[in-house]
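# Coordinate analysis (summary)
Residues per chain, in single letters:
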Amino acid sequence: MKIETTPQLDFHNVLIRPKRTTIYSRSEVELEREFKFLYAKYKWKGVPIIAANMDTTGTFEVYDTLSQHKMITCLHKHYNLKDYQKRFADNPLDPEYFMISTGIDESAMSYLHDIVALTGTKWICVDVANGYMQQVVSYCHKLRVCFPNLIIVAGNVATRDMVEELIINGKVDGVKIGIGPGSACLTRLKTGVGVPQLSAIIECADAAHGCGGFIIGDGGITCPGDMAKAFGGGEDFVMCGGVFSGHDENPGELIEEDGVKYKLFYGMSSEKAMKKHYGGVANYRAPEGISILVEDKGNVEDTVHQLLGGIRSACTYINAENISEIYDKSTYILV
Ligand code: 5GP
């Protein structure tokens, strides 16, 4: 057994120290970033915020608002080919602003071929709860052979060794970071495993950038300030579930309790999700997600404005002209 004694940080453990600034107005801050990729042959320009591929947030309806702001929606993997066909017949999506997600079972490969051919998406997200499995690396490598030009991301992991492994041997462009920080997640309680998310981002960004890749910090964002701190830690993209839940655009009926309206948001490994998609919880596993009643937040457009306004304001406090400068200009204060 070994003990690591360096303190590991979550978002609430730090604040960003204000600095003398020449940015007079929030409107001067540029929120779009342009990326080139290690393997994929595309360039991408947009606001580097992604709605999580949970079946409550990674939906066509959330996409309809986020894409207007050049933000990405990672569509959940329970949309089948028919769902995509129907949506594309009516109203095709912009291939820049959605990701398709997949697990690592072999049947997923033909699903991917079909959806890529139909939609022309530029992004594939290989998403498994435990990205440390060797099978994830070999699966990603196969995907790279099939889709040499697409932007492939995989996760989740939370340490540098596996970031390097996925980028170098899995041939992914980006790695999704987060073991246990999610708002509907029980992993840390059920297994004792996890890494505080801000430290995971700092370590994994350094590892990914060192080998030409990027990271998506996934989970644990509760407010715009957390996003600013995450960008300050070096993440390239931020992925959020809970923040994008509870709106008119999210699926499910409003539930009224004591005069207050709620919507249900649940982890993709929760009992609710497993019953919905797999008919129940397999007897060798315990749910690692919970269901939460989220107070009705109205329109997702309002939430987007709050998030973008918060990031703009953070930038003006530290003299950052754009999101990538938040990293250069951030000094954290331990609180
Ligand atoms: P949030 O933004 O809500 O804090 O975190 C969203 C992330 O939580 C998702 O992108 C995903 O990585 C993770 N997540 C979603 N459902 C579950 C679950 O049931 N269990 C665990 N451990 N993580 C989950």
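Residues numbered from 1 in each chain as written. Predicted model: local features only at pLDDT ≥ 70, side-chain atom pairs only at ≥ 80, totals over all residues. Heavy atoms only, no water.

### Regarding the packing of aromatic side chains
The criterion, for reference: Side-chain rings of Phe, Tyr and Trp (the six-membered ring for Trp) are treated as a pair once their centres are within 6.5 Å; stacked means planes under 30 degrees apart, edge-to-face means over 60, and tilted covers the remaining angles. Labels follow the DSSP assignment, with helices taken as runs of H or I lasting at least four residues and strands as runs of E lasting at least two, numbered in each case from the N terminus. Working definition: with a 1.4 Å probe on protein chains only, accessible area under 20% of the residue-type maximum means buried, over 50% means exposed, and in between means partly exposed.
The tally for this structure, following the rule as stated, stands at 16 aromatic pairs. Centre to centre, the rings of Phe37 and Phe214 are 5.6 Å apart; their planes meet at 65°, and the pair counts as edge-to-face. Of the two residues, Phe37 is situated in the loop between β2 (33-36) and β3 (43-46) and Phe214 in strand β10 (residues 214-218); the sequence distance between them amounts to 177 residues. According to the relative accessible area criterion, Phe214 is buried, its value standing at 5%. Members of the aromatic cluster, each reached through a chain of ring pairs, are Phe35, Phe37, Trp44, Tyr97, Trp123, Phe214 and Phe237.

### Notes on the environment of Phe244
We count it as follows: Residues count as neighbours in contact if any of their non-hydrogen atoms are within 4.5 Å of one another.
The residue Phe244 is located in the loop between β11 (237-240) and β12 (255-257) in this model. For Phe244, a relative accessible area of 0% translates into the label buried. Once the C-alpha coordinates of Phe244 and Val304 are considered, the two residues, 60 residues apart in sequence, prove to be 8.6 Å apart. For Phe244, the residues in contact, after removing those within four places along its chain, are Ile49, Ile50, Ala51, Thr57, Leu66, Met71, Asn250, Val300, Val304 and Leu307.

### Description of the pairing of strand β13 (residues 260-266)
Two faces, one strand: in a regular strand the side chains alternate between the faces of the sheet. Condition: Two strands pair if DSSP finds at least two bridges between them.
By the bridge criterion, three bridges tie β12 to β13 in an arrangement that is antiparallel. Each residue of the ladder has a partner; that of Glu257, found in β13, is Val260. Following β12, the chain reverses through two residues before pairing antiparallel with β13; Asp258 in that reversal takes a positive phi of roughly 50°. Here β13 runs beside strand β14 (residues 291-295); their pairing, made up of five bridges, is antiparallel. The partner of Leu264 across the bridge, within β14, is Leu293.

### Regarding helix α4 (residues 134-146)
Stated precisely, the cut-off is as follows: Given the number of residues in a helix, its expected span is that number minus one, multiplied by 1.5 Å. Each C-beta atom gives one direction from the helix axis, and the arc is the one those directions make.
If you check α4, its first and last C-alpha atoms are 19 Å apart, about what 13 residues at 1.5 Å a residue would give, namely 18 Å. Within α4, burial applies to Val136, Val137, Tyr139, Cys140, Leu143 and Arg144. End-on view of α4: buried residues confined to an arc of 165°, all on one side of the axis. Where α4 is buried, its residues meet β6 (98-102), α3 (107-119), β7 (123-127), β8 (151-157) and α5 (160-168).

### Digging into the side chain of Thr121
Inclusion rule: Counted as a polar contact is a pair of N or O atoms within 3.5 Å, where, for protein atoms, one must be capable of donating a hydrogen and the other of accepting one, and residues adjacent in sequence contribute only when both atoms are in side chains.
Looking at the element boundaries, Thr121 is found in the loop between α3 and β7. Here the side chain of Thr121 touches Trp123 through a polar contact of 3.2 Å, landing on its backbone nitrogen. Setting aside residues no more than four positions away along its own chain, Thr121 makes contact with Pro95, Phe98, Met99, Ile100, Val116 and Leu150.

### With respect to the site of the ligand
Just so we agree on the cut-off: What makes a residue near a molecule or strand is one non-hydrogen atom of that residue sitting within 4 Å of it. Exposure was quantified through the Shrake-Rupley algorithm and a 1.4 Å probe, taking into account, for residues, occlusion by the shown protein chains and nothing else. Residue type decides the class: Asp, Glu, Lys and Arg count as charged, Ala, Val, Leu, Ile, Met, Phe, Trp, Tyr, Cys and Pro as nonpolar, and the leftover types, Gly among them, as polar.
Around the ligand lies a shell of 22 residues, among which Ser183, Thr187, Asp218, Ser269 and Glu288 are the nearest. One of the backbone N or O atoms of Gly242 is found 2.8 Å from an oxygen atom in the ligand. Within the contact set of the ligand, a nitrogen atom lies 2.7 Å away from a backbone nitrogen or oxygen of Glu288. Within the complex, the protein chains bury 90% of what would otherwise be the 520 Å² of accessible surface of the ligand. Here the residues of the shell around the ligand sort into eight nonpolar, 12 polar and two charged.

### Thoughts on the layout of surface pockets
Put simply, the rule reads: A cavity here means a set of points on a 1 Å grid, drawn over the protein atoms and nothing else, where a 1.4 Å probe fits but cannot get out; a pocket is an open set with protein on both sides within 12 Å along at least five of seven lines, and a residue lines either one if it has an atom within 4 Å of a point. Grid points are joined across faces, edges and corners, and a volume is the space filled by probe spheres set on the points.
In this structure, the second largest pocket spans a volume of roughly 180 Å³. Taken together, Leu15, Ile16, Arg17, Pro18, Pro224, Gly225, Ala228, Lys229, Gly310, Ala314, Tyr317 and Ile318 make up the full set of residues lining the second largest pocket. Of all elements in the fold, only β1 (14-16), α8 (224-232) and α10 (300-318) reach the threshold of two or more residues within the lining of the second largest pocket.

### What about the pattern of salt bridges?
Close approach of charged atoms allows side chains of opposite charge to pair. Heads up, the condition is: Salt bridge criterion: a side-chain nitrogen from Lys or Arg within 4 Å of a carboxyl oxygen from Asp or Glu.
The final tally for this structure, using the stated rule, is 15 salt bridges. Where Arg33 meets Asp236, a salt bridge forms, and the shortest distance between an N and an O atom there is 4.0 Å. Remark: Asp236 occurs in the loop between α8 and β11 and Arg33 occurs in strand β2; sequence separation between them is 203 residues. Accessibility classification places Arg33 together with Asp236 in one group, the buried group. Between Asp218 and Lys176 there is a salt bridge, and its shortest N-O distance comes to 2.9 Å. Taken together, the residues span a long stretch of sequence, with Asp218 in strand β10 and Lys176 in strand β9 (residues 174-177) at a distance of 42 residues. A network of salt bridges, in which partner residues are shared, links Asp127, Lys176 and Asp218.

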